[in-house]
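What the coordinates show
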Amino acid sequence: LLYLDFCAMLVFDKKITFLGKAVLNSPMLFFLALLLINQFFSINIYNSLTELVYFISYILTFSIATQFSKEEKTKLILTIVISGCFISIYGLYQYFFGIRDTLKIISANPNFPNISNYARDFLLFKRVFATFFSPDKLAAFLLYIIFLSLGISFLPNLKTGIKIFITINFFI
């Protein structure tokens, strides 16, 4: 919700225009209209409203990203790739050291059987989740990062040091 507030503030302050100059303006507005109409006919209103907030944030993100210059897009992608590097390093740490230490702490606790099955399975089977709630979300994020780093490494005007860093990040 804070993200939606931030995006709305950018739109109302005229720093960006909602669905600026993108080619996909009409389909996006049509999709948003369908989402709003669907809200009235939904069986599960609460779940539908939650998903509507997600879709609105995706549409606002798309709207903001279409108004970036090429340099700003490159900086944004580099920021995402660098954050992915830190998350993958933390995931490696968690796999080799963190889960073992967490299991020691939890097994010393007499309430260990009371831990949820969801969390117990992650710890016992050494499924890394890093800063995400589940290993599946971590895998999806890292797959996203792999393709971003692969794509940005082919940019012609990128410095050699950054290309080397991105290549190393690709293999982490």
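A brief report on the enclosed structure follows.

Rules of the game
- Residues numbered from 1 in each chain as written.
- Predicted model: local features only at pLDDT ≥ 70, side-chain atom pairs only at ≥ 80, totals over all residues.
- Heavy atoms only, no water.
- Axes fitted to C-alpha atoms, helices over the stretch in contact; angles between N-to-C directions.
- Helix = DSSP H or I, 4+ residues; strand = E, 2+ residues; numbered from the N terminus.
- Parallel < 35°, antiparallel > 145°, perpendicular 65-115°, else oblique.
- Left-handed = near helix turned anticlockwise from the far one by under 90°.
- Contact = heavy atoms within 4.5 Å.
- Nonpolar A, V, L, I, M, F, W, Y, C, P; charged D, E, K, R; others polar.
- Salt bridge = Lys/Arg side-chain N within 4 Å of Asp/Glu carboxyl O.

1. Remarks on the packing of helix H2 (residues 25-40) against helix H3 (residues 45-66)
The interhelical angle for the contact between H2 and H3, taken along N-to-C directions, is 165°, at an axis separation of 10 Å. In terms of orientation, H2 and H3 fall into the roughly antiparallel class. Considering the relative orientation of H2 and H3, their crossing is left-handed. For the pair formed by H2 and H3, the contact residues are Met28, Phe31, Leu32, Leu35, Leu36 and Gln39 on the first element and Ile45, Ser48, Leu49, Leu52, Phe55, Ile56, Ile59 and Phe62 on the second. Grouping the amino acids of the contact of H2 with H3 by side-chain chemistry returns twelve nonpolar, two polar and no charged.

2. A look at the pattern of salt bridges
A complete count under the given rule lists one salt bridge for this structure. Salt-bridge contacts for Asp136 lead to Arg127; the nearest nitrogen and oxygen are separated by 3.3 Å.

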